[in-house]
Amino acid sequence: MPDPRRGIPRTDQVLADPRLREAVDRLGARLVKGAVVAAQQRCRGGEIEPAAVADAAVASLPAGATTLRRVVNATGVVVHTNLGRAPLSRAAVDAVRTAAGATDVELDLITGRRGRRGRGALEALAAPVPDAGAVHVGNNGAAALALVTRVLARGGRSVVIARGELVEIGDGFRIPELLESVGARLREVGTTNRVRLSDYAAAVDSDTAFVLKVHPSNFTVSGFTSSVSVRELTELGLPVVVDIGSGLLTPHPRLPNEPDATTVLRAGADLVTASGDKLLGGPQAGLLLGEADLVERLRRDPFARALRVDKLTLAALEATLTGPTPPVPAALSSRPDDLRPRARMICSALPPGIEPEVVDSEGVVGGGGAPDVVLPSVAIALPECLAGPLRGGEPPVVGRLERGRLLLDLLAVTPDDDGDLVAAVRRTAGDAAGHEER
Ligand SMILES: *Cc1c(COP(=O)(O)O)cnc(C)c1O
């Protein structure tokens, strides 16, 4: 038996390859060594020749030093929770890069003294909502709600909430359990489908910290229903806190049932909480807007420090608010007539063997809210068998299976990604054809 290890180049020999030396600077020694060891393993198994080990290691190097990969979202779901919710605008990505190094996030460069942390982001958030006396930013929507509850209802004071608004957000996390976890006692009123102002009034007592209204952002209740408006709730004479969820700052014409911060504050709410990475289209963040004294109290509470956002979030949030329209709001206002020419271009660049076809499609908002809204869209239909290979491609493309076909829906695909989408499908289709011939 010949020794199978004979002829396998040593690790240090392979690492001397200039391409791998450069990769060590870019990705770090651990990742590059891992790629070399894997290539040596393939050589040992007789899969590749000793002379091909360096090439194989180079070919298997990851694009960056993270296991997270850029994915083309062709699902037709605009805010896809499993794909990281809102993709950032290019301006937000640039801002993140700027803030990544040493940055004046808490330093006034003119006076040389400590400056207000994240001033630019806070001003950018306050500007479109003049009805908010002050604003604050925390880690996410849940953090914003936890901060409000912890500060106002600490020590077992009660929070009054309608039974129909006891929402499970996702991944098993439930708003009522979140509230209890920071020390509040829940006082549930009404039934699943109906609640009246008199139900709230009967539940309120000297121990009530605030009345909470939570937007049912991921389901709808229809039929024999009633709820109490924010304006009516203010008649109870207690602070009214509204969790709008989605992060719309002003009304959106295509999402008439989605609450927004401006309207809710005008109706008399004292505080509004929302997410930054849903319909606003920014980074993960918890937005808090409302009455100035209350916001200041929240901001100065020790617990606020545990929910503080980092400089990257502040940078991305500011650029989301002041820069060009981010991908999520752009997708929400796109029309099939805008998408169809792109779909035709993509189709004409694909191999005819896979019979690509431009079809009408229906997208949804997704994890961002508006569960009852259909967003007319356009997709490219392909054979279902390409779904798996496309997910495993470079970049991975995630579509949607519908009636035995794979739909690549363009609603949430930014036009910048069209070229990569075409290249990924061509490669995958080529590989699939190659397998059939063999
Ligand atoms: C999404 C959502 C939350 C949670 O926000 P995160 O940013 O995911 O923490 C809370 N309340 C409502 C109504 C939501 O829609």
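Residues numbered from 1 in each chain as written. Predicted model: local features only at pLDDT ≥ 70, side-chain atom pairs only at ≥ 80, totals over all residues. Heavy atoms only, no water.

Caption draft 1: Fine view of the nonpolar core. One finds Leu382 and Leu408 to be the most contacted residues of the largest nonpolar core, which totals 38 residues. Mapped by element, the contributors of at least two residues to this core are β2 (77-79), α15 (327-332), α16 (336-348), β13 (375-383), α17 (387-391), β16 (405-409) and α18 (418-437). Ranked by the residues each element gives to this core, the list is headed by α18, at 5 residues. Residue contributions to this core reach at least three from each of two domains, namely domain 2 (72-82 + 329-437) and domain 3 (89-324). Other than its neighbours up to four places away in sequence, Leu408 contacts Ala74, Val378, Ala379, Ile380, Leu382, Leu390, Val397, Gly399, Leu421 and Val425. Of all hydrophobic cores here, the second largest spans 36 residues; its members include Val135, Val211, Ala285 and Leu289. (Core = buried A, V, L, I, M, F, W, Y, C linked by side-chain atoms within 4.5 Å. Buried < 20%, exposed > 50% of the residue type's maximum accessible area, 1.4 Å probe, protein only. Helix = DSSP H or I, 4+ residues; strand = E, 2+ residues; numbered from the N terminus. Domains from an automatic or database assignment. Contact = heavy atoms within 4.5 Å.)

Caption draft 2: Molecular detail of the sheet that holds strand β3 (residues 134-138). With mixed pairing, 7 strands are arranged side by side in an open sheet as β3-β11-β10-β9-β8-β4-β7. Bordering the open sheet on either side are β3 and β7 (185-189), each of which pairs with just one other strand. The sheet shows a mean angle of 25° between the axes of neighbouring strands, taken without regard to direction. The sheet strands contacting helix α6 (residues 119-126) are β3 and β11 (286-290), and the helix crosses β3 at an angle near 125°. Set on the sheet, helix α12 (residues 292-300) makes contact with β3, β10 (271-275) and β11; between it and β3 the angle comes to about 30°. (Pairing = 2+ DSSP bridges. Axes fitted to C-alpha atoms, helices over the stretch in contact; angles between N-to-C directions.)

Caption draft 3: Summary view of the environment of Arg308. Here Arg308 lies in the loop between α13 (302-306) and α14 (311-322). The partly exposed category is assigned to Arg308, whose relative accessible area is 35%. Sequence separation between Arg308 and Val425 is 117 residues; the distance between their C-alpha atoms is 42 Å.

Caption draft 4: Representation of the site of the ligand in the model. Looking at the ligand, there are 13 residues lining it, with Gly141, Ser217, Asp243, Ser275 and Lys278 nearest. Ala142 places a polar main-chain atom, nitrogen or oxygen, 2.8 Å from an oxygen atom of the ligand. One nitrogen or oxygen atom from the side chain of Lys278 is found 2.7 Å from an oxygen atom belonging to the ligand. Within the complex, the protein chains bury 94% of what would otherwise be the 380 Å² of accessible surface of the ligand. When contributions to the shell around the ligand are tallied by element, the ones reaching two or more residues are α7 (141-153) and β9 (240-245). Taken together, the residues of the shell around the ligand break down into 4 nonpolar, 6 polar and 3 charged. (Near = heavy atom within 4 Å. Polar contact = N/O pair within 3.5 Å; in protein donor to acceptor, adjacent residues only side chain to side chain. Areas by Shrake-Rupley, 256 points an atom, 1.4 Å probe, with all protein chains shown as cover. Nonpolar A, V, L, I, M, F, W, Y, C, P; charged D, E, K, R; others polar.)

Caption draft 5: Region of interest: helix α5 (residues 90-100). Along α5, the positions that sit buried rather than exposed are Ala92, Ala95 and Ala99. The buried side chains of α5 occupy one side of the element, clustering within an arc of 55° when seen end-on. α5 presents Arg90 and Arg97 as exposed residues on the side facing more than 90 degrees away from its buried surface. (Arc of directions from axis to C-beta.)

Caption draft 6: The UniProt feature "modified residue: N6-(pyridoxal phosphate)lysine" (unreviewed entry) in the protein, seen in detail. Following the UniProt record, the feature "modified residue: N6-(pyridoxal phosphate)lysine" (unreviewed entry) maps to Lys278 here. Along the chain, the position of Lys278 falls in the loop between β10 and β11. Classification of Lys278 as buried rests on a relative accessible area of 5%. Setting aside its immediate chain neighbours within four residues, Lys278 contacts Val79, Arg85, Ala86, Gly245, Ser246, Val328, Gly367 and Gly368. (UniProt positions renumbered as here; feature names shortened; annotations may be inferred.)

Caption draft 7: Structural context of helix α2 (residues 18-27). Turning to α2, its buried residues number three or more, namely Leu20, Ala23 and Leu27. Along the long axis of α2, the arc covered by the buried residues comes to 50°, so they all point the same way. The exposed set on the far side of α2, more than 90 degrees from its buried face, consists of Pro18, Arg21 and Asp25. Where α2 is buried, its residues contact α1 (11-15), α3 (29-44) and α4 (53-59). Of the residues flanking the start of α2, the one acting as N-cap is Asp17, its side-chain oxygen 2.8 Å from the backbone nitrogen of Arg19.

Caption draft 8: Up close: the packing of aromatic side chains. Summed over all chains, the structure comprises 0 aromatic pairs. The aromatic ring of Phe224 is capped on one face by Arg194, whose charged end is 3.9 Å from the ring centroid. (Phe/Tyr/Trp six-rings, centres within 6.5 Å; stacked < 30°, edge-to-face > 60°. Lys NZ or Arg CZ within 6 Å of the ring centre and 35° of its normal.)

Caption draft 9: Geometry of the domain arrangement of the protein. Entries for the protein in the domain assignment read domain 1 (4-60), domain 2 (72-82 + 329-437) and domain 3 (89-324). Taking only C-alpha atoms, the centre of domain 1 and the centre of domain 2 are 36 Å apart.

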